[in-house]
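# Fold and contact review
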Amino acid sequence: MPYLLGIDIGSGSTKAAVTRPGAARDARGPLWEPLSLGVRTRTVPSALATTPEGAVAPAEAHRDNSAAVSGYLARVGDSLPMRVGSAYYPAHGLVAAMARWVVNQAWELLDEAPERVALACPTGWGPGRARLVHAALAEADLAGAALVTRARAVVESFQAAGRVAASGGMLVVYRLGEAGVEVSVVLTHGPGRLELLGSSEIEEISGYELSGATPDEARAVLRSTVDLAEHTVRSCGGVRAELAAVLIAGGSAAVHPIVTDLLSAAFPVPVLVDHDAEMTVAGGAALAARPQMRAAPPAAPPSAAAPAVVGTTPAWPETAGGVRVVPERPPRPPVRVSPVRVEAK
């Protein structure tokens, strides 16, 4: 049965989810399913290493952590390459290598290629980083893959579950990741149309630091992230009365009640947590890969400047920058496509 694949490459682990075209929602939320990538878990560590055949793949999958490298998503755009084993690769090439591996795993597990692939990326990325990753994905035979901001992926998941309106609301997206907290403020303008007003990130606080913390310790740590959310809303020119909801993604079930209490005290609006917050971004990315029928916006008067809608992934098969590509299914796995290699001098 055809399916759409969403990929979320985090600093610590990589997640994937699938949805079927035309899937509706049930009592829990949208009908997307986590894809089991690990041997005993549904996630796989994002650390990469070289295989004996010279390919780049998750270190855990080949049980080789001796020369594993991680943190490459945050390094996209850096001029210096990253060393993996005895070779050097640009960070965007490593992102594409991980995405390629996930696509191969999905194909082997589900016995068919995904119809479409969407890769979640940090909301604060500009067009330069997006172009680098798009080029690397094309090198990995994933030219038709779309990049979806994490904020849009989260909103897509909540919209598909019927928990927030498709248009007309200002939302705060609060993502607690394994190596940082990302807060975004967005306006929704209908299915698949998202206006990014602002995005902030703090790397000093992460899910790793909250592991094993007492409720009081976690509350003290998380309070500064709520301050960041309030500051981000103010810097976007928004006020609390304009907000429709706060959406939480990531983090653990033990932390969600603490985060919910803190955000509820700061913002007098519903604070919502997805049914599977760890997988919200991956599931939302899969949902964002669905083709969207969009009505043309009304023509603006000649004297008025049309507002720019940013942070969106155009309807399939367009990609960032307005470049239209023809989606092609990748070759049948096992496919061993290495990222662009940089020769050491």
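That block above? That's the structure.
Not measured: the values here are computed from a predicted model.

### Points about the pairing of strand β1 (residues 4–9)
- Within β1, six of the six residues are buried, leaving the element largely enclosed by the surrounding structure.
- With burial as the criterion, each face of β1 is covered, one bearing Leu4, Gly6 and Asp8 and the other bearing Leu5, Ile7 and Ile9.
- As paired elements, β1 and strand β9 (residues 116–121) share four bridges and run parallel to each other. In the sheet register, isoleucine 7 faces β9, and the bridge partner there is leucine 119.
- Bridge analysis of β1 against strand β2 (residues 13–19) gives six bridges, and the strand direction is antiparallel.

### Notes on the side chain of threonine 225
- Residue placement: threonine 225 occurs in helix α5 (residues 215–235).
- Engagement of the side chain of threonine 225 in a polar contact is seen with the side chain of tyrosine 174, the distance being 2.8 Å.
- One polar contact links the side chain of threonine 225 to the main-chain carbonyl oxygen of leucine 222, over a distance of 2.5 Å.
- Beyond its immediate stretch of four places on either side in the chain, threonine 225 contacts Tyr174, Val181, Val183, Ile202 and Ile205.

### A look at the nonpolar core
- By size, the foremost hydrophobic cluster in this structure holds 43 residues, and its most contacted members are Leu5, Ile7, Tyr72, Leu94 and Leu137.
- Mapped by element, the contributors of at least two residues to this core are β1, β2, β6 (56–58), β7 (82–84), β8 (87–89), α1 (91–110), β9 and α2 (127–139).
- With 11 residues, the top contributor of residues to this core is α1.
- If sequence neighbours within four positions are ignored, leucine 5 has contacts with Ala16, Ala17, Val18, Leu35, Val102, Val103, Ala106, Pro114, Arg116, Val117, Ala118 and Ala286.
- If you look at the next biggest cluster of nonpolar residues, it comprises 28 residues, including Val259, Leu262, Ala266 and Phe267.

What counts and what doesn't
Residues numbered from 1 in each chain as written. Predicted model: local features only at pLDDT ≥ 70, side-chain atom pairs only at ≥ 80, totals over all residues. Heavy atoms only, no water. Buried < 20%, exposed > 50% of the residue type's maximum accessible area, 1.4 Å probe, protein only. Helix = DSSP H or I, 4+ residues; strand = E, 2+ residues; numbered from the N terminus. Pairing = 2+ DSSP bridges. Polar contact = N/O pair within 3.5 Å; in protein donor to acceptor, adjacent residues only side chain to side chain. Contact = heavy atoms within 4.5 Å. Core = buried A, V, L, I, M, F, W, Y, C linked by side-chain atoms within 4.5 Å.

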